[in-house]
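Chain residues, written in single-letter form:
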Amino acid sequence: MRIGVFGGTFDPPHVGHLLMATDAREALKLDRLIFVPAGAQPFKVDTPPVASAQDRLEMVRLAVADDANYVVDDAEINRKGLSFTVDTLEHLSERNPAAQLFLLLGEDVLAGFEQWRNPARIRELATLAVVRRTAAAGSLVDPIAAGVLTVSARRVDVSSTEIRERRRAGKSIKGFVPESVERFIDVRGLYR
Ligand code: ATP
């Protein structure tokens, strides 16, 4: 079983995340993709998420709801203290002992990877899959380093930051997020 691990703040989750998930799933031939909404991120203590952890978790659940290939894991949100990827991977490999784990990483994130807690252990637990945003989507491209896969995913010019800014400005976010997420944001009055 090949399982992908997709961490993010998801504040809120948007169509860019979902299309990236589809492209990565195809390129890596994943049987399952686990979304892991971040708890307290070590490198972002000064800029915490805007929505609460429970609201972000709920929005990710709504975003992936009707797809059996996707799972949402609440380990980081329910764990106390800072969230370290190595702890999350230990937990996921214990729960899926027979699986090969693929850790999806944005190209931007890879630069700082060696500063993470225990990068050597992370590489033991999972294969790194760097997602490069390109025009051609959903394929494997040449590896950039030993033991690191590169996946091409289509470029979708949308970010959570832009969605929060549009909400604050009173603009529509239709099409930026799944309808279920849009309704949730409306009902909870998020990002106003
Ligand atoms: P923010 O604008 O708040 O920084 P974001 O939109 O970048 O948020 P995150 O939750 O930080 O969203 O994203 C988690 C991961 O999802 C990122 O590391 C990145 O690899 C990927 N990602 C984010 N936006 C896109 C997008 N538009 N297309 C493809 N992948 C994306």
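On a predicted model such as this, the values are computed, not experimentally measured, just so you know. (Residues numbered from 1 in each chain as written. Predicted model: local features only at pLDDT ≥ 70, side-chain atom pairs only at ≥ 80, totals over all residues. Heavy atoms only, no water.)

On to the side chain of Asp 23. Within the secondary structure, Asp 23 is located in helix H1 (residues 15-27). Apart from the residues lying within four places of it in its own chain, the contact partners of Asp 23 are Ala 137, Gly 138, Ser 152, Ala 153 and Arg 154. (Helix = DSSP H or I, 4+ residues; strand = E, 2+ residues; numbered from the N terminus. Contact = heavy atoms within 4.5 Å.)

This part takes up the site of the ligand. The immediate surroundings of the ligand are formed by 17 residues, with Phe 10, Val 156, Val 158, Ser 160 and Thr 161 found nearest. Thr 9 has a polar backbone atom sitting 3.0 Å from an oxygen atom of the ligand. A distance of 3.0 Å separates an oxygen atom of the ligand from a polar atom in the side chain of His 17. Starting from 600 Å² of accessible surface for the ligand in isolation, the protein chains cover 84%. Going through the elements one at a time, strand E1 (2-8), H1 and helix H7 (160-168) are the ones with two or more residues in the shell around the ligand. Taken together, the residues of the shell around the ligand break down into 5 nonpolar, 10 polar and 2 charged. (Near = heavy atom within 4 Å. Polar contact = N/O pair within 3.5 Å; in protein donor to acceptor, adjacent residues only side chain to side chain. Areas by Shrake-Rupley, 256 points an atom, 1.4 Å probe, with all protein chains shown as cover. Nonpolar A, V, L, I, M, F, W, Y, C, P; charged D, E, K, R; others polar.)

Going through the model one piece at a time under the given rule, you end up with 11 salt bridges. Among the ionic pairs, Asp 11 bridges to Arg 164, the shortest N-O distance being 3.8 Å. Remark: Arg 164 occurs in helix H7 and Asp 11 occurs in the loop between E1 and H1; sequence separation between them is 153 residues. Grouping residues by exposure puts Asp 11 and Arg 164 together as buried. Salt-bridge contacts for Arg 121 lead to Glu 124; the nearest nitrogen and oxygen are separated by 2.7 Å. Of this pair, Arg 121 and Glu 124 are both found in helix H6 (residues 119-125), 3 residues apart, which corresponds to roughly one turn of the helix. What you see here is one network of salt bridges that share partners, running through Glu 90, Arg 121 and Glu 124. (Salt bridge = Lys/Arg side-chain N within 4 Å of Asp/Glu carboxyl O. Buried < 20%, exposed > 50% of the residue type's maximum accessible area, 1.4 Å probe, protein only.)

For the peptide bond that leads from Asp 11 to Pro 12, omega is 0 degrees, which places it in the cis range. Summarising the element assignment, Pro 12 is placed in the loop between E1 and H1. Backbone geometry places Tyr 191, a non-glycine residue, at a positive phi of 65 degrees. With respect to the helices, strands and loops of the structure, Tyr 191 is situated in the segment after helix H8 (179-188). Taking the relative accessible area as the measure of exposure, Tyr 191 reaches 5% and is therefore buried.

Per the counting criterion, the structure on display carries 5 aromatic pairs. Centroid distance Phe 6 to Phe 10: 5.4 Å. Interplanar angle 90 degrees. Geometry classified as edge-to-face. Seen in terms of ring centroids, Phe 113 and Trp 116 are 5.2 Å apart; in terms of plane orientation they differ by 55 degrees. Their pairing is tilted. A single burial state applies to Phe 113 and to Trp 116, both of which are buried. Through a chain of ring-to-ring contacts, the aromatic side chains of Phe 6, Phe 10, Phe 35 and Tyr 70 assemble into a single cluster. Of note, Arg 117 hangs over the ring of Phe 84, and the distance from its end group to the ring centre comes to 3.9 Å. (Phe/Tyr/Trp six-rings, centres within 6.5 Å; stacked < 30°, edge-to-face > 60°. Lys NZ or Arg CZ within 6 Å of the ring centre and 35° of its normal.)

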